[in-house]
Amino acid sequence: MNKIIFLLFLVFPTFAFGQSFEGNYRAIFFNPFSEPKTIITEFEVNTDNSISGKIKIDTTIKAFTGTLDKKGKFEAVIEQVGKFTYKLKGKFDKNNKISLVQRNQVGSGMNKNVSESSLEGTFAKFVKPADKIETTFPPTLVELIDSGKNWIKIQHSNPLFGTEWTEISAEISFGSSAKNMAGVKADSADYFNLVLKSKTEGQQRLSISTRNYSQTQKSWKAADLRYISYREENESTRNSFSAGDTMQTDPFFADGILEIVKETGTQIIFKLSNFKIKRFAKQDFVVLNGFIYADK
């Protein structure tokens, strides 16, 4: 299931006994054995007892329907995709567990051979985002001045290490999808990974992975990147903001621009402009502005 990306828009009912589950929910599936490690889905609960939705598997999008019973259990069967069928199963309770089951059947009758595997996760209610990306705090306007070294302005609701990040090491590595390996030269690469780390180990980290790269491309919208993550951690608290494959189908998870402003034989200088990353399951974003001097 390493090439499965899910985009779910589900409709669930209000129970006959009066308990309402109307609202919007977000679910996480964890895939420990292959990429992507984490798959985020969203769904909506309405007032009837029907389930309808869509799922994206590789480049195929399939619609599905299902039902919810009086005990809060829901189930939806997805039309066959290739040699597999899929079933979504979950339950509204204190744990809010959800799973996606992949089933493969070979042969029939006495010669029938069936195998199943599943991804497990949980779902939680969230406030549906507006059409435009918003933060829960009013970010201040940042004047972007290149000081000749790494400098990032950090803005979110509870920064652990202040609002300016200057003690940074930054590195860039190039990769080729055709070769399926990293460490290739920039002139033959089609993606790159950019990693910033605080000089005090473990405190702060920013990771950016592009979906595409060429010698002529100089800027990327955040929502078009493959993966972005910003993390802060001290002894008792951790702030994590991340976005992955959902960005292409739901750009609400990220916004802003990554731009190359200069390149030398040993460094690439990037500029982050109003770069936003969402915190999972909370209406909070980190906003990053500044310059990155990344060693090749």
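The written sequence of each chain sets the order in which its residues are numbered from 1. Per-residue local features of the predicted model are confined to residues with pLDDT of at least 70, and side-chain atom pairs are confined, for both listing and counting, to 80 or more; whole-chain, interface and lining totals are unaffected and use all residues. Excluding hydrogens and water, the side-chain values take into account all heavy atoms of the structure.

### Considerations on the overall build of the protein chain
Of the regular secondary structure elements, the protein chain holds 1 helix and 21 strands. In the protein chain, which comprises 296 residues, the proportion classed as buried is 43%. Contacts are assigned to residue pairs with any non-hydrogen atoms lying within 4.5 Å of each other. Look at the contacts in the protein chain between residues 6 or more apart in sequence, and 53% of them connect residues 24 or more apart. Computed with a 1.4 Å probe, the accessible areas rest on the Shrake-Rupley method; for each residue, only the protein chains presented here act as cover. Total accessible area on the protein chain is roughly 15,900 Å²; 48% of this is exposed by carbon and sulfur atoms. Only DSSP runs of H or I with at least four residues qualify as helices, and only runs of E with at least two residues qualify as strands; both kinds are numbered from the N terminus onward. Accessibility here uses a 1.4 Å probe with only protein chains present; expressed as a share of the type maximum, an area under 20% marks a residue as buried, one over 50% as exposed, and anything in between as partly exposed.

### Describing the packing of aromatic side chains
A pair of Phe, Tyr and Trp rings is counted when the ring centres sit within 6.5 Å of each other, with Trp represented by its six-membered ring. The angle between the planes then sorts it: under 30 degrees is stacked, over 60 is edge-to-face, the rest tilted. Applying the stated rule across the entire model yields 9 aromatic pairs. Ring geometry for Phe174 and Tyr213: centres 5.4 Å apart, planes at 45 degrees, overall tilted. One end of the pair, Phe174, is in strand β12 (residues 168–176); the other, Tyr213, is in the loop between β15 (204–209) and β16 (219–221), and 39 residues separate them in sequence. Look at Phe174 and you get buried, because its relative accessible area is 6%. Connected via pairs of aromatic rings, a cluster forms that spans Phe174, Phe192, Tyr213, Trp220 and Phe270.

### Comments concerning the side chain of Gln204
Along the chain, Gln204 turns up in strand β15. Looking at Gln204, the relative accessible area reads 7%, which means it is buried. In protein, a polar contact requires one atom able to donate a hydrogen and another able to accept it; more generally it is a pair of N or O atoms within 3.5 Å, and residues adjacent in sequence count only if both atoms are side-chain atoms. Engagement of the side chain of Gln204 in a polar contact is seen with the side chain of Trp165, the distance being 3.5 Å.

### Concerning unusual backbone geometry
With a phi close to 50 degrees, Asn96 is a non-glycine residue in the positive phi region. Here Asn96 is to be found in the loop between β7 (84–91) and β8 (97–106). Overall, the relative accessible area of 16% leaves Asn96 in the buried class.

### Considerations on the nonpolar core
What we call a nonpolar core is a set of buried Ala, Val, Leu, Ile, Met, Phe, Trp, Tyr and Cys residues that are connected through their side-chain atoms within 4.5 Å. One finds Leu194, Phe270 and Phe275 to be the most contacted residues of the largest nonpolar core, which totals 34 residues. A total of 5 residues in this core trace back to one element, the largest contributor, which is strand β20 (residues 267–278). Ranked by size, the runner-up nonpolar core spans 18 residues in total, among them Phe64, Phe92, Ile98 and Phe123.

### Points about the pairing of strand β14 (residues 191–198)
Only strands joined by at least two bridges in the DSSP assignment are considered to pair. Pairing of β12 with β14 involves 8 bridges; the strand directions are antiparallel. In the sheet register, Ile172 faces β14, and the bridge partner there is Leu194. Taken together, the 5 bridges between β14 and β15 define a ladder with antiparallel strand orientation. Looking across to β15, one finds that Leu194 is bridged to Ile208. Taken together, β14 and the strand that follows it, β15, pair antiparallel across an intervening segment of 5 residues, in which Gly202 is found at a positive phi of about 90 degrees.

### Thoughts on the pairing of strand β19 (residues 254–263)
Where β16 and β19 come together, 3 bridges link them in antiparallel fashion. Considered in β19, the bridge of Trp220 is made with Leu258. By the bridge criterion, 8 bridges tie β19 to β20 in an arrangement that is antiparallel. Looking at the pairing, Ile260 lines up with Phe270 of β20.

### What to know about the pattern of salt bridges
Salt bridge criterion: a side-chain nitrogen from Lys or Arg within 4 Å of a carboxyl oxygen from Asp or Glu. Tallied over the full model, the rule gives 4 salt bridges. Across the pair Arg103 and Glu116 runs a salt bridge whose closest N-O atoms are separated by 3.0 Å. One end of the pair, Arg103, is in strand β8; the other, Glu116, is in strand β9 (residues 113–126), and 13 residues separate them in sequence. The closest approach of N and O atoms between Glu263 and Lys296, which form a salt bridge, is 2.8 Å.

### Some points on the confidence of the model for the protein chain
For every residue, the predictor assigns a confidence score, pLDDT, that lies between 0 and 100. Of all residues in the protein chain, 72% have pLDDT values of 70 or greater, and the mean over the chain is 77. Mean pLDDT values for the elements of the protein chain range from 40 in strand β1 (residues 11–12) up to 94 in β15. Scored below 50 in pLDDT, residues 1–17 makes 89 contacts in the model with residues more than four places away or belonging to other chains.

### Brief notes about the environment of Lys71
Here Lys71 lies in the loop between β5 (60–68) and β6 (73–81). The sequence separation of Lys71 and Phe92 amounts to 21 residues, and the corresponding C-alpha distance is 8.2 Å.

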